[in-house]
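# Structural overview for review
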Amino acid sequence: LSTIIYVVLILLLWHMLASLIGMQLFRCPVSPPNACKARTASGECPKFCPIGLERREGEAVDICYLSDEFMFEHCPWTPHRNFNTFRDGMITLFFVTTGDNSWTDIIHSGMRSGDSAIPGAVFFLIFFILSYYTICNLFISVILEVFETPDERKSEMQVVDYRFKTMKKLTRRHKKLEAEGRLDEWDQSFGVKQLEGAADEDLFERHKAMETLMADDDEWELDEPDTAVFCFAPPMPNKLNPLEAPNFRFSLRKVVESRVWSGSMLLVILTSTIFLALDTTIPSLSVVPEQVAQIADYVFFSIFAVELICKILDTGVFLEGPKGYFRQSWNWLDFFLLLFQVLDLLGLKGLRALRVLRVLRPLRLLNKVKSLQLLLTAMGKATTDLINVMMIWALLYLIFAIIGIFLFGGRLHACSDASFVGLPLNLGQPEGSEVGFRENCAGNFVSFGASDGTSYVAASSPTPIMKPRVWSNPGTPPSDVGFSFDNFGIACQTLFEASTLKLWSKYTYAGADVTGVAQHPVTHAATSTVLFFQVWVCVSCFFILQMIIGVLIDSINQETGSALFTQHQRNWIRMEERMRSAKPLIPIPMPTNAVRKNLWFMVNHPFFLNFMTTVIFLNILLMATEHYDQSEDWSAFMATTNVIFLAIYIAEIVLKLVAFHLNFFRDYGNLFDLLVVISSVADEALSAGGGTSGLQALRVLRVLRVLRT
């Protein structure tokens, strides 16, 4: 818990620092929504508020509205989203951290705040990388660490597991010796006779002797022998009859268990899935002809039926042994899918509804890919823990929904006229009050844009549209389906929508403007309620979601057995895997020829390598300066430099070919360089006539050369 608190404090301090910096970079006068309502003494509209027309009682009346020119060319921030105060800056940055859909608009506003877009772009780029990718992921890793068992506990569990397996094998050995009448060989202490010359307390030697016996699988634990299947004898040779000649079932088992068989069945399943995806009941849209699709269905059915028969002949049906076909749960899936396919091919009228089960055919992959089975098994075993987490989440929904009803119940309603101010029907309000009441939200108003602020036609051509004033809950575009906390069900739905982090800033700002029941919202009237949504997002998205991920990861680790590995053991396993995959480097011999020998030393000299690295970086920088509608002089300069760089790359390839000869092609890096040069030469040849070629895109491969230099 203390580690989580430290990470939260780091995240909070980082937001505070960034908010203070943002106040210095992006502070500007934000125009209030009703800025255009106050005309000048001469009756003219304020600056950047053009004159529009509004019809009142059949007469055209001049009105003033806020133009997009002011919003986009002067102060781009809104009354809610700005850096004019420390509070607003913290709220705005929190939306960027959580990846709210509006965070790109925030970045664009920051880039439009000054004479240059670079300060805003750099500020938000650094902030987003540090907060979203670094600190938030650190916060997530700390939560996941809670599910990690300490190494000391893992060591104890490994010892307990080893003792359990040892006692299980010792019990089997005792029963075997008892059945064979050789109990005189049994030692009551460890199941192994005392070693001559070894002290009683020398447990290491006694355990070593016991492991030597347990390592003999033929003596300790024999697989249950195969039995006959129908008229076919058990597979020969086997452990009981190792010298017998191979029979039919032995050969069949080798085929069924081979990689070629598994790969072929995977290919058939994927092909069947592709045919299923291309199938449609609309003839005009069909990609595969109906007759071809029917033939393919019969072919796939035949292949899967042959697979079923071969597996039954190999392992038996059910009673033949523990490996019987129907004793494996995953085989039942294949059997039912094949049964549904039979019913589909029969085409019986009463069973046509079963055609919908054709979509289950890709599930055959579950019986072929063991990793998918592992994941599903782990998810099944984690069901209990997931239900517990879901119960905690449901409890949080209950708590926050009740608090939300108390804070926002009946208070989120607003008039569709955003600039609505109540008429003097509520005498309790002072003159000039911004609070509007439900009773006054009547009549019509003129709108110059949609609810998201965009113009109906164009910003340069304002088009007024008369709309009726409507008193309703706020909506979310594009459907404008309202959200509220008026009852428990709607409150839970609103909380769920906010937990998806999609436009959750709209919910937050709506809550920050509430005034009272049946009263129109006022900007920043209840800013403290922002904490309600912020706490909900932190708890729901950062804690609960990561707990679900942690439960699944822990279940997968337990299923794979890696949950009991200590950090040193994991490092050892990782090192073993790298050692197995490592391949010895083939040294390139030094040439004996004097010229080739000098070239060999030159291309391997650090100065040559640094020179090529510098050339590559210069090429990258020049490629990054290309842009649309660039001047002809710059285009000519870029074409010339491209030829120069290409000549340098060709010279490098030629020098290495002369120095290394055929050994040049042993290095994959050299082959990659050769591919880049060939594509560049082909691009120059194809574009020599003044046109463009698709190979120009391959020039970006030069950037990847930095990775090998």
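Each chain has its residues counted from 1, running along the sequence as written. Only residues with pLDDT of at least 70 are given local features in this predicted model, and only at 80 or more are side-chain atom pairs given and counted; all residues enter the totals for whole chains, interfaces and linings. Neither water nor hydrogens contribute to the side-chain values; these are computed over all heavy atoms in the structure.

## Considerations on empty space enclosed by the protein
The definitions used throughout rest on a 1 Å grid laid over the protein atoms alone, on which a cavity is an enclosed set of points accommodating a 1.4 Å probe that cannot get out and a pocket is an open set flanked by protein within 12 Å on both sides along at least five of seven lines; lining residues are those having an atom within 4 Å of a point. Grid points are joined across faces, edges and corners, and a volume is the space filled by probe spheres set on the points. This structure, assessed with the given rule, holds three cavities of 30 Å³ or more. Looking at the largest cavity, its volume works out to about 80 Å³. Each helix corresponds to a stretch of at least 4 residues labelled H or I by DSSP, and each strand to a stretch of at least 2 residues labelled E; elements are numbered beginning at the N terminus. Counting residues per element, the ones that place at least two in the lining of the largest cavity are α10 (259-278) and α11 (290-315). With four residues, the single largest contributor to the lining of the largest cavity is α11. Following the grouping adopted for this structure description, the nonpolar residues are Ala, Val, Leu, Ile, Met, Phe, Trp, Tyr, Cys and Pro, the charged ones are Asp, Glu, Lys and Arg, and the polar ones are all others, Gly among them. Among the residues making up the lining of the largest cavity, the classes are represented as six nonpolar, one polar and four charged. In this structure, the second largest cavity spans a volume of roughly 50 Å³. As for the second largest cavity, its lining consists of F304, E307, L308, Y325, D334, F335, L338 and R364. Of all the secondary structure elements, the ones that give two or more residues to the lining of the second largest cavity are α11 and α12 (329-346).

## Brief notes about the confidence of the model for the chain
pLDDT is defined as a per-residue confidence score from the predictor, taking values between 0 and 100. Of all residues in the chain, 75% attain a pLDDT of 70 or more, and the chain-wide mean is 77. Highest mean pLDDT in the chain belongs to helix α14 (residues 383-408) (92); lowest belongs to helix α8 (residues 217-220) (42). It only takes one pair of heavy atoms within 4.5 Å for two residues to be counted as in contact. Overall, residues 189-201 carries pLDDT values under 50, and its contacts beyond four positions in sequence, including any with other chains, amount to 23 contacts. In this model, residues 216-223 is a region of pLDDT below 50 whose contacts with residues beyond four sequence positions or in other chains number 14 contacts.

## Examining the nonpolar core
W77, F124, F485, L495, W504 and W536 are the most contacted members of the largest nonpolar core, which has 61 residues in total. For this core, the element with the highest residue contribution is helix α17 (residues 530-560), accounting for 11 residues. Excluding residues that lie within four positions of it along the chain, W536 makes contacts with W393, L396, Y397, F400, L495, A498, S499 and C541. Here, nonpolar core refers to any group of buried Ala, Val, Leu, Ile, Met, Phe, Trp, Tyr and Cys residues whose side-chain atoms link them within 4.5 Å. Relative accessible area decides the class of each residue, using a 1.4 Å probe on protein chains only: under 20% of the type maximum gives buried, over 50% gives exposed, and in between gives partly exposed.

## What about unusual backbone geometry?
The residue L503 is not glycine, and still its phi comes out positive at about 55°. Of note in this structure, H524 is not a glycine but carries a positive phi near 60°. Here H524 is to be found in the loop between α16 (504-512) and α17. Using a relative accessible area of 25% as the deciding quantity, one classes H524 as partly exposed.

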